[in-house]
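A closer look at the structure
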Amino acid sequence: MLVVSETKALRAQIKQWQRDGETIAFVPTMGNLHRGHLTLMQEAKKRGTKVVASIFVNPMQFNNKNDLANYPRTLEEDQVKLIAEGVDMLFTPTPEIMYPKGLEAQTFVEVPVLSNILCGASRPGHFRGVATIVAKLFNLVTPDIACFGTKDYQQLRVIKLMVKDLSFDIDIVGVETVREESGLAKSSRNGYLTEQELEVAPLLYKTMQDIAKAVQGGECIELAVAHGIESLNQSELTTDYIRIQNAKDLSGVNDSDKDLVILAAAHLGEARLIDNMVFRR
Ligand code: PAF
């Protein structure tokens, strides 16, 4: 696996592959790779003839300095995992390479509407940071395909909309969430949980399943969600939000909408967990 940090080396290799007629599939990450990330690499491998991954802990998407400082950085272990998945090139830029003038002077990409609801309301500026870094990475890697986890459902919708609005010629693929046997969605944030919290955390997914069942059984959305929040808050989890939205565009639900998504975020100890579940009623 080629490992490059400089944009010049990255672009030169990409151009060569494009001249050779290769199809480039890209998986951007912030590292600390778990099985969820590796399924993204496998999906990319199926869809492209060359797989490029990136590891960059993007300061622009953190609205909390401690969170950024404490974000797990495990580059050596990550590289071993990427080699095992047959990734062809890893891009590991520094903040100075990605933001040479600093964050304040950086041109940014803002995806309106979608960026200020749900996680965007709890983490102001987060999706501006995500959209900006993903747009920059897309311009550097110029992939044909890019794979993202559906665990970050709102992020996936923000990126799909950005790609459409800015006319990027990239096929965005959402890859299904990988879960522990307990139902807990795989996440780098799970590393912050204690043994005891790991036993409580699956309640988030179970609560979403209960809410979906209740709505499918005819209960009104507001009531089903309120019951879900009540039961979560009786545990050690503290609900940030649980919402049901239109699965396609995250707009509010109309009576005629059939494809819905439950989106949930909750705090547990040091971790903020997010999860979602698409369902049909
Ligand atoms: O999902 C992530 O790991 C990050 O938000 C992403 C897409 C790599 C952008 O920094």
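Preceding block: the structure.
Not measured: the values here are computed from a predicted model.

Some words on the overall build of the protein
Check the secondary structure of the protein and you find 11 helices and 9 strands. In terms of C-alpha radius of gyration, the protein reaches 19 Å, essentially the compact-globule figure of 19 Å for 281 residues. Taking the intrachain contacts of the protein between residues at least 6 apart in sequence as the baseline, contacts between residues at least 24 apart amount to 72%. Taken as a whole, the protein presents about 13,600 Å² of accessible surface, with 49% of it coming from carbon and sulfur. If the 31 positive side-chain charges of the protein are averaged to one point and the 36 negative ones to another, these points end up 5 Å apart.

Focus on helix H1 (residues 7-19)
Between its terminal C-alpha atoms H1 stretches 18 Å, which fits the 18 Å expected from 13 residues at 1.5 Å a residue. Within H1, the full set of buried residues consists of Leu 10, Ile 14 and Trp 17. Around the axis of H1, the buried residues are gathered within 60° of arc, so they sit on the same side. Seen from the open side of H1, the exposed residues pointing more than 90 degrees away from its buried face are Lys 8 and Arg 19. Buried residues in H1 make contact with strand E1 (2-4), strand E2 (24-29), strand E3 (50-55), strand E4 (89-91) and helix H7 (126-141). Just past H1, the residue Gly 21 takes up positive phi, approximately 80°.

Examining unusual backbone geometry
Its identity as a non-glycine residue notwithstanding, Asn 32 has a phi of 55°, on the positive side. Locating Asn 32 in the fold gives a position in the loop between E2 and helix H2 (35-47). Positive phi values are uncommon outside glycine, yet Leu 118 reaches one of about 50°. Under the relative-accessibility criterion, Leu 118 is labelled buried at 4%.

Points about the environment of Asn 58
Tracing the backbone shows Asn 58 in the loop between E3 and helix H3 (65-70). Dropping the residues within four chain positions of it, Asn 58 is found in contact with Met 30, Tyr 99, Gly 129, Val 130 and Ile 133. In this structure the side chain of Asn 58 is engaged in a polar contact, spanning 2.9 Å, whose partner is the side chain of Gln 61.

Topic: H7
Over its 16 residues, H7 runs 22 Å from end to end, which matches the ideal 22 Å to within 8%, given 1.5 Å per residue. Of the residues trailing H7, Thr 142 is marked for its positive phi of about 40°.

A closer look at the nonpolar core
The biggest cluster of nonpolar side chains holds 46 residues, and the ones touching the most others in it are Phe 138, Met 162 and Ile 172. Breaking this core down by element, the ones donating at least two residues are H1, E2, E4, H7, strand E5 (145-149), helix H8 (153-165) and strand E8 (259-268). Tallying contributions element by element places H7 first for this core, with 10 residues. Contact partners of Ile 172, with chain neighbours within four places excluded, come to Phe 138, Ala 146, Phe 148, Leu 156, Ile 159, Lys 160 and Val 163. Core analysis: the next-biggest nonpolar cluster, separate from the first, contains 26 residues, Val 200, Ile 211, Leu 268 and Phe 279 among them.

A look at the side chain of Asn 58
For Asn 58, a relative accessible area of 1% gives the class buried. Within the local environment of Asn 58, its side chain forms a polar contact with the side chain of Tyr 99, the two groups lying 2.6 Å apart.

Rules and cut-offs
- Residues numbered from 1 in each chain as written.
- Predicted model: local features only at pLDDT ≥ 70, side-chain atom pairs only at ≥ 80, totals over all residues.
- Heavy atoms only, no water.
- Helix = DSSP H or I, 4+ residues; strand = E, 2+ residues; numbered from the N terminus.
- Rg over C-alpha atoms; globule rule 2.2 N^0.38 Å.
- Contact = heavy atoms within 4.5 Å.
- Areas by Shrake-Rupley, 256 points an atom, 1.4 Å probe, with all protein chains shown as cover.
- Lys, Arg positive; Asp, Glu negative; His and termini not counted.
- Charge placed at Lys NZ, Arg CZ, Asp CG, Glu CD.
- Expected span 1.5 Å × (residues − 1).
- Buried < 20%, exposed > 50% of the residue type's maximum accessible area, 1.4 Å probe, protein only.
- Arc of directions from axis to C-beta.
- Polar contact = N/O pair within 3.5 Å; in protein donor to acceptor, adjacent residues only side chain to side chain.
- Core = buried A, V, L, I, M, F, W, Y, C linked by side-chain atoms within 4.5 Å.

The values are spatial; any link to function lies outside them.
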